[in-house]
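Results of the structural survey
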Amino acid sequence: MNNMQYQKGMTGLGWILVLALIAFFTLIGLKVIPVYMNSMTVGSILSDMEDEPGLGSKSPAEIMETLGKRLSINMIKDISRDEIYLESDKDLYYIDIEYEVRRDFIGNIDLVLSFSKTAEIPKQ
């Protein structure tokens with residue numbers, strides 16, 4: 001019975017391990033959450049472009065310019081021109097954005113996140 005009063009709580013090593021796990025997952029969150037927020041912004045931009053009246057009557061160069069301006073205004077810097085594909089069908093323009101984002105994690109370990117977004121703009 002006397003032993004039970006000494007067995008209250010965690011040891012110092014236990015607390016260090018818990019704090020290390022909290023720090024590890026906090027670091028992952030700090031690196032990954034902004035990238036996902038940017039991805040959601042890209043999806044919102046493409047969704048707005050699908051709903052914009054009169055966009056389908058523009059040329060492919062003008063559509064790409066509009067997309068580039070919107071990405072620039074929203075400070076999306078992870079997407080290069082080579083990762084944006086604009087294809088034309090007889091009734092639709094297809095915009096595909098496929099990109100990867102690399103973030104330094106710890107030492108020589110990187111986090112790699114891949115995204116793919118698509119929009120269909122009806123021609124007018």
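Residues numbered from 1 in each chain as written. Predicted model: local features only at pLDDT ≥ 70, side-chain atom pairs only at ≥ 80, totals over all residues. Heavy atoms only, no water.

From N to C terminus, the protein includes 2 helices and 3 strands. Overall, the protein shows an N-to-C arrangement of helices and strands of α-α-β-β-β. Rg of the C-alpha trace for the protein: 24 Å, well past the compact-globule value of 14 Å for 124 residues, more than 25% over. For the protein, the spread of C-alpha atoms along the principal axes amounts to about 85 × 30 × 25 Å. Sorting the 124 residues of the protein into buried and exposed places 25% on the buried side. Taking contacts inside the protein between residues at least 6 apart in sequence as the whole, the part at least 24 apart equals 55%. Of the roughly 8700 Å² of accessible surface on the protein, a fraction of 57% belongs to carbon and sulfur atoms. Taken as two groups, the 12 positive and 18 negative side-chain charges of the protein have centres that lie 7 Å from each other. (Helix = DSSP H or I, 4+ residues; strand = E, 2+ residues; numbered from the N terminus. Rg over C-alpha atoms; globule rule 2.2 N^0.38 Å. Buried < 20%, exposed > 50% of the residue type's maximum accessible area, 1.4 Å probe, protein only. Contact = heavy atoms within 4.5 Å. Areas by Shrake-Rupley, 256 points an atom, 1.4 Å probe, with all protein chains shown as cover. Lys, Arg positive; Asp, Glu negative; His and termini not counted. Charge placed at Lys NZ, Arg CZ, Asp CG, Glu CD.)

Sheet topology places strand 2 (residues 92–106) next to strand 3 (residues 109–122); 14 bridges connect them, and they run antiparallel. Within strand 3, the position partnered with Glu98 by the bridge is Ser116. (Pairing = 2+ DSSP bridges.)

With 25 residues, the main nonpolar core has Leu67, Ile95 and Ile97 as its most contacted residues. Sorting the residues of this core by element identifies helix 1 (12–51), helix 2 (60–73), strand 2 and strand 3 as the ones contributing at least two each. Each residue touching Ile97, except ones within four places of it in the same chain, is listed here: Val42, Leu46, Leu67, Ile79, Glu83, Ile84, Phe115, Ser116 and Lys117. (Core = buried A, V, L, I, M, F, W, Y, C linked by side-chain atoms within 4.5 Å.)

Here we come to the sheet that holds strand 1 (residues 84–88). The strand order across the open sheet formed by 3 strands is 1-2-3, and the pairing between neighbours is antiparallel. Strands at the two margins of the open sheet, each flanked by one partner only, are strand 1 and strand 3. Pairs of neighbouring strands in the sheet enclose a mean axial angle of 15 degrees, with direction left out of account. Against the sheet, helix 1 contacts strand 2 and strand 3, and its axis sits at roughly 15 degrees relative to strand 3. The sheet contacts of helix 2 involve strand 1, strand 2 and strand 3, and relative to strand 1 the element is tilted by about 150 degrees. (Axes fitted to C-alpha atoms, helices over the stretch in contact; angles between N-to-C directions.)

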